Amino acid sequence: MTATAGHACRTKLETTVCVEMGRQKLVHEHRSLRFRVRDADGNETGYVPTIVARRGPILFLVEPVAVISRPAVERLTGFLDQHSPEIVLVIVAPDAKVRKVPPEAYDEIYPESEVTQMTRRIREQDPKGIVPPFEKPRPAG
């Protein structure tokens, strides 16, 4: 675990996102919210977003994901199906893995090399405006 500007980051990718958000003065929190997600069998599991950035009533939940696992994809997909449209689920993944994340598992996705653009996009979101559509990359294969 690394301390970045008073934030406890658990991974290198999370640290990269946190440092850039700090550089752009985007106020954010780590692991500050808790959600319940029901799986296909009706069982509930917890979901704690890694980074939360608030833009008025719009919540950006930023998940730095270095390894794409089936349980993580199922939890994120279930979360999107069950929670508010005023929540934007953003994935940051290593450049080579972006196209391997199924589009149903996120609202927006950015390669690690575009963390600066992702942070700017969140920072510039009008808190009273509509979240613009995001063009999802085509999945690999």
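Treat the numbers as computed from the prediction; the structure is a model and nothing was measured. Within any chain, residue numbers begin from 1 and follow the written order of that chain's sequence. Thresholds applied to this predicted model are a pLDDT of at least 70 for local features of residues and 80 or more for the giving and counting of side-chain atom pairs; totals over whole chains, interfaces and linings are not thresholded and use all residues. Note that water and hydrogens are dropped before the side-chain values are worked out from all heavy atoms of the structure.

A. Molecular detail of the nonpolar core. Ranked by size, the top nonpolar core spans 20 residues in total, and within it F35, Y47, L61, F79 and I91 carry the most contacts. By the criteria applied, helices consist of DSSP H or I runs no shorter than four residues and strands consist of E runs no shorter than two, each listed in order from the N terminus. Secondary structure elements with two or more residues in this core: β4 (35-38), β7 (58-64), α2 (70-82) and β8 (87-93). Looking at this core element by element, the count peaks at 4 residues for β8. Once residues within four sequence positions are removed from consideration, I91 is found in contact with E63, V65, L76, A105, Y106, E108, I109 and Y110. Among the buried residues, those of types Ala, Val, Leu, Ile, Met, Phe, Trp, Tyr and Cys that are joined through side-chain atoms within 4.5 Å form a nonpolar core. Residue exposure (1.4 Å probe, protein chains only): buried if accessible area is under 20% of the type maximum, exposed if over 50%, otherwise partly exposed. Counting residues in each nonpolar core, the second largest holds 16 residues, with I51, A53, V62 and M118 among its members. Only heavy atoms enter the contact rule, under which two residues are in contact if any of them lie within 4.5 Å.

B. Up close: the environment of K128. Tracing the backbone shows K128 in the segment after α3 (115-123). As a C-alpha pair, K128 and V67 span 61 residues in sequence and 34 Å in three-dimensional space.

C. A look at the pattern of salt bridges. One speaks of a salt bridge when a side-chain nitrogen belonging to Lys or Arg is within 4 Å of a carboxyl oxygen belonging to Asp or Glu. Tallying each qualifying case throughout the model produces 8 salt bridges. A salt bridge links E44 to R36; its shortest N-O distance comes to 3.4 Å. Take E44: its relative accessible area is 44%, and that puts it in the partly exposed class. Under the relative-accessibility criterion, R36 is labelled partly exposed at 46%.

D. Local environment of empty space enclosed by the protein. Only protein atoms enter the 1 Å grid, on which a cavity is a set of points fitting a 1.4 Å probe that cannot get out and a pocket is an open set with protein on both sides within 12 Å along at least 5 of 7 lines, lining residues being those with an atom within 4 Å of a point. Grid points are joined across faces, edges and corners, and a volume is the space filled by probe spheres set on the points. Using the criterion set out here, one finds 1 cavity of 30 Å³ or more in the structure. Taken as a whole, the largest cavity spans an internal volume of roughly 50 Å³. Contributing to the lining of the largest cavity are V65, V67, I68, S69, A72, V73, L76, I91 and V101. Ranked by residues supplied to the lining of the largest cavity, first place goes to α2 with 3 residues. Nonpolar residues are Ala, Val, Leu, Ile, Met, Phe, Trp, Tyr, Cys and Pro. Charged residues are Asp, Glu, Lys and Arg, and all others, Gly as well, are polar. The residue makeup of the lining of the largest cavity, split by class, is 8 nonpolar, 1 polar and no charged.

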